[in-house]
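Spelled out from the first residue to the last, the chains are:
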Amino acid sequence: MLVVLVLLATVLMRVAIITAVVYLLLPLGPTCPHCGAEMAAIRNRFFDRLLPALQRRWCVECGWNGIVRRVRPAPTRRTARRPLIPS
Ligand SMILES: [Zn+2]
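From a predicted model like this one, the values you see are computed outputs, not experimental measurements.

Calculation notes
Residues numbered from 1 in each chain as written. Predicted model: local features only at pLDDT ≥ 70, side-chain atom pairs only at ≥ 80, totals over all residues. Heavy atoms only, no water. Donors = N, O, S within 2.8 Å, 3.2 Å for Na, K, Ca; no water. Tetrahedral: all angles 85-135°; square planar, octahedral: opposite > 155°, others 65-115°. Helix = DSSP H or I, 4+ residues; strand = E, 2+ residues; numbered from the N terminus. Buried < 20%, exposed > 50% of the residue type's maximum accessible area, 1.4 Å probe, protein only. Phe/Tyr/Trp six-rings, centres within 6.5 Å; stacked < 30°, edge-to-face > 60°. Lys NZ or Arg CZ within 6 Å of the ring centre and 35° of its normal. Salt bridge = Lys/Arg side-chain N within 4 Å of Asp/Glu carboxyl O. Pairing = 2+ DSSP bridges. Axes fitted to C-alpha atoms, helices over the stretch in contact; angles between N-to-C directions.

(A) Molecular detail of the coordination of the zinc ion. Binding of the zinc ion to the protein goes through Cys32 (SG), Cys35 (SG), Cys59 (SG) and Cys62 (SG), at separations of 2.2 to 2.3 Å. Given four donor atoms and angles of 102 to 121° at the metal, the environment of the zinc ion is assigned as tetrahedral. Read in sequence order, the donor residues coordinating the zinc ion give the pattern C-x2-C-x23-C-x2-C. Here Cys59 lies in the loop between strand E2 (54-58) and strand E3 (65-69) and Cys32 lies in the loop between helix H1 (2-25) and strand E1 (40-42), a separation of 27 residues in the sequence. For Cys59, a relative accessible area of 0% translates into the label buried.

(B) Fine view of the packing of aromatic side chains. Across all of its chains, the model carries zero aromatic pairs by this definition. Sitting over the ring of Tyr23, Arg69 keeps its end group 5.5 Å from the ring centre.

(C) Local environment of the pattern of salt bridges. Taken as a whole, this structure holds one salt bridge when the rule is applied. Here Asp48 and Arg70 are joined by a salt bridge, their closest N and O atoms 3.3 Å apart. Here Arg70 lies in the segment after E3 and Asp48 lies in helix H2 (residues 45-50), a separation of 22 residues in the sequence. Residue Asp48 is classed as partly exposed on the basis of its relative accessible area of 21%.

(D) Representation of the sheet that holds E1. Read across the sheet, three strands follow the order E1-E2-E3 without closing on themselves; strand pairing throughout is antiparallel. The open sheet has two free edges, formed respectively by E1 and E3, since each of these has just one partner strand. Pairs of neighbouring strands in the sheet enclose a mean axial angle of 45°, with direction left out of account. Bridge count for E1 against E2 is three bridges, and the pairing is antiparallel. The partner of Ala40 across the bridge, within E2, is Trp58.

(E) Focus on the pairing of E3. Where E2 meets E3, five bridges bridge the pair, whose relative direction is antiparallel. Looking at E3, one finds that Leu54 is bridged to Arg69. What sits between E2 and E3 in their antiparallel hairpin is a turn of six residues, with Gly63 showing a positive phi close to 90°.

What follows is the structure, encoded as structure tokens:
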């Protein structure tokens, strides 16, 4: 039984490592990896719900299409400016 658990753990670790490597190899953001132009997002309700970290995009300039990592916009947090008080 212990052998089965060890083998199952190694298989799961392999799957996790391959998933992480594939995710890191995907291009990042809305710019085309070939020509650098801004790509159009292709909406797919099922894909967006299943894998929200990924997005399918199509380049209007060169015709490349594929899956890219989605870039979340930076939170626009207003920082209150503290008055400088000399100590
Ligand atoms: Zn392109």
